Amino acid sequence: MKVALTVNGSPREGDVEPRRLLAYFLREELGLKGTNVGCDTSSCGSCTVLIDGESVKSCTVLAVQADGCGVTTIEGLAAGGELHPIQQAFHEQHALQCGFCTPGFVLAIHSLLRENPSPSEEEIRLGLEGNLCRCTGYENIVRAVQAAAGAGT
C-alpha cells in the first residue's frame, strides 16, 4: 500500500505492507533512527512519536494508519541548530544516561506540556507512566519537565 504523510514538516511517501509498523517505517524506510524500538509490546515508550501533535507509541500503530497525518520524531524538534527547550532541559538537568529512552520521553513530555503547560510533580509522573527508563531513576527527568514547563514550552 502507498502511504503519504508529513514527517517533521516534510512530505514523505512510501510503499508498505499493510502490517508494517510505523516505528519500522520511520527507522528503516525513512532512516529516522531516533525512534527506538525497545520492546515491541508498547511497554517501554522508547518508540513514542507525535501524530498530529498527540504522543503515540509507534510500535502499536501501523504505517497505513498514519497515512495523511503529520508525524514528528525526535529529529524534528530541534530548529535552526538549537535544541528544543525540552531537549535543552534534559541536557541541563542531566535527565539521561544511556539515551535510549530519551527520544520517547522528550516526545511524551512535548505532548504532556501541550495539554498541561504547568503540571504538578504528580501530574508529571502520571503523564510519564507509559515510558520506562532503566538508568536514571526518574528524578532528573521530572526536574527536566519542570524546567521545560518553566521555560514556557
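One structure accompanies this document, and this report is about it. (Residues numbered from 1 in each chain as written. Predicted model: local features only at pLDDT ≥ 70, side-chain atom pairs only at ≥ 80, totals over all residues. Heavy atoms only, no water.)

## Section: the side chain of S46
Phase 1 of the analysis: Along the chain, S46 turns up in the loop between α1 (22-29) and β3 (48-51).
Phase 2 of the analysis: S46 sits in the buried class, given a relative accessible area of 2%.
Phase 3 of the analysis: Those residues within four positions of S46 in sequence are excluded, and the remaining contacts are T35, N36, G38, F100, C101 and G104. (Helix = DSSP H or I, 4+ residues; strand = E, 2+ residues; numbered from the N terminus. Buried < 20%, exposed > 50% of the residue type's maximum accessible area, 1.4 Å probe, protein only. Contact = heavy atoms within 4.5 Å.)

## What about the sheet that holds strand β4 (residues 54-57)?
Phase 1 of the analysis: On the basis of which strands lie adjacent, the open sheet formed by five strands has the order β2-β1-β5-β3-β4 and mixed pairing. At either margin of the open sheet sits one strand with a lone partner, and together these are β2 (10-15) and β4. With direction set aside, neighbouring strand axes in the sheet form an average angle of 40°.
Phase 2 of the analysis: Pairing of strand β1 (residues 2-7) with β2 involves six bridges; the strand directions are antiparallel. Among the inter-strand pairings, A4 is bridged to a residue of β2, identified as E13.
Phase 3 of the analysis: Packed on one face of the sheet, helix α3 (residues 102-115) meets β3, β4 and β5 (70-72) and runs near 40° to β3. (Pairing = 2+ DSSP bridges. Axes fitted to C-alpha atoms, helices over the stretch in contact; angles between N-to-C directions.)

## Some points on the pattern of salt bridges
Phase 1 of the analysis: All told, the structure shown has eight salt bridges when counted by the stated rule.
Phase 2 of the analysis: As a salt-bridge pair, E28 and R20 come within 2.5 Å of each other at their nearest N and O atoms.
Phase 3 of the analysis: Take E28: its relative accessible area is 47%, and that puts it in the partly exposed class.
Phase 4 of the analysis: Accessibility expressed as a relative area gives 23% for R20, which makes it partly exposed.
Phase 5 of the analysis: One salt-bridge network, held together by shared partners, links K2, E13 and D15. (Salt bridge = Lys/Arg side-chain N within 4 Å of Asp/Glu carboxyl O.)

Interpretation note: all reported values are geometric properties and have no functional meaning in isolation.
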